[in-house]
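Coordinate inspection notes
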Amino acid sequence: METSVLTAQQRETLREDEIRTRIDNERYLRDHPEIKDILNHVMSQVLQHKPENLRDFVADVFSDANLARNVARTKRHS
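So, how was this worked out
Residues numbered from 1 in each chain as written. Predicted model: local features only at pLDDT ≥ 70, side-chain atom pairs only at ≥ 80, totals over all residues. Heavy atoms only, no water. Buried < 20%, exposed > 50% of the residue type's maximum accessible area, 1.4 Å probe, protein only. Helix = DSSP H or I, 4+ residues; strand = E, 2+ residues; numbered from the N terminus. Arc of directions from axis to C-beta. Contact = heavy atoms within 4.5 Å. Core = buried A, V, L, I, M, F, W, Y, C linked by side-chain atoms within 4.5 Å. Polar contact = N/O pair within 3.5 Å; in protein donor to acceptor, adjacent residues only side chain to side chain. Axes fitted to C-alpha atoms, helices over the stretch in contact; angles between N-to-C directions. Parallel < 35°, antiparallel > 145°, perpendicular 65-115°, else oblique. Left-handed = near helix turned anticlockwise from the far one by under 90°.

Right, let's talk about helix H4 (residues 67-76) for a bit. Taken residue by residue, H4 has Leu67, Asn70, Val71 and Thr74 as its buried positions. Mapping the buried residues of H4 onto a view down its axis gives an arc of 100°, with all of them on the same face. Facing away from the buried surface of H4 by more than 90 degrees, the exposed residues are Ala68, Arg69 and Arg76. Next to the buried residues of H4 lie helix H2 (34-49) and helix H3 (54-63).

Right, here's the structure in full:
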């Protein structure tokens, strides 16, 4: 016997909202292909340096004044 805190209508609304969110996210990612390049650069740096403190390292990568140039360089070499 399944007991749910949500009504059937609430579950359906939640499901529809999740679908809408996924569609919106996919659309955004398609409209901004540079996101993939940035994430590839960050992953490349993490795997190359294998930092002890991942959070601080990634923060440093994102705050680097040369981020755009570094992303382009990583993209050219991949």
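Ranked by size, the top nonpolar core spans six residues in total: Val42, Val46, Phe57, Val61, Leu67 and Val71. Only H2, H3 and H4 provide two or more residues apiece to this core. Every residue in contact with Val46, bar those within four places of it in the chain, is listed here: Pro51, Leu54, Phe57 and Val58.

In this structure, Asp37 sits in helix H2. Within polar-contact distance, the side chain of Asp37 engages the side chain of Lys75 at 3.3 Å. Dropping the residues within four chain positions of it, Asp37 is found in contact with Val71 and Lys75.

Let us look at the packing of H2 against H3. Where H2 meets H3, the axes come as close as 11 Å, and the angle between the chain directions of the two elements is 130°. Of the possible angle classes, the one that applies to H2 and H3 is oblique. In the packing of H2 onto H3, the handedness of the crossing is right-handed. The residues of H3 that touch H2, namely those facing Ile38, His41, Val42, Gln45, Val46 and His49, are Leu54, Phe57, Val58, Val61 and Phe62.

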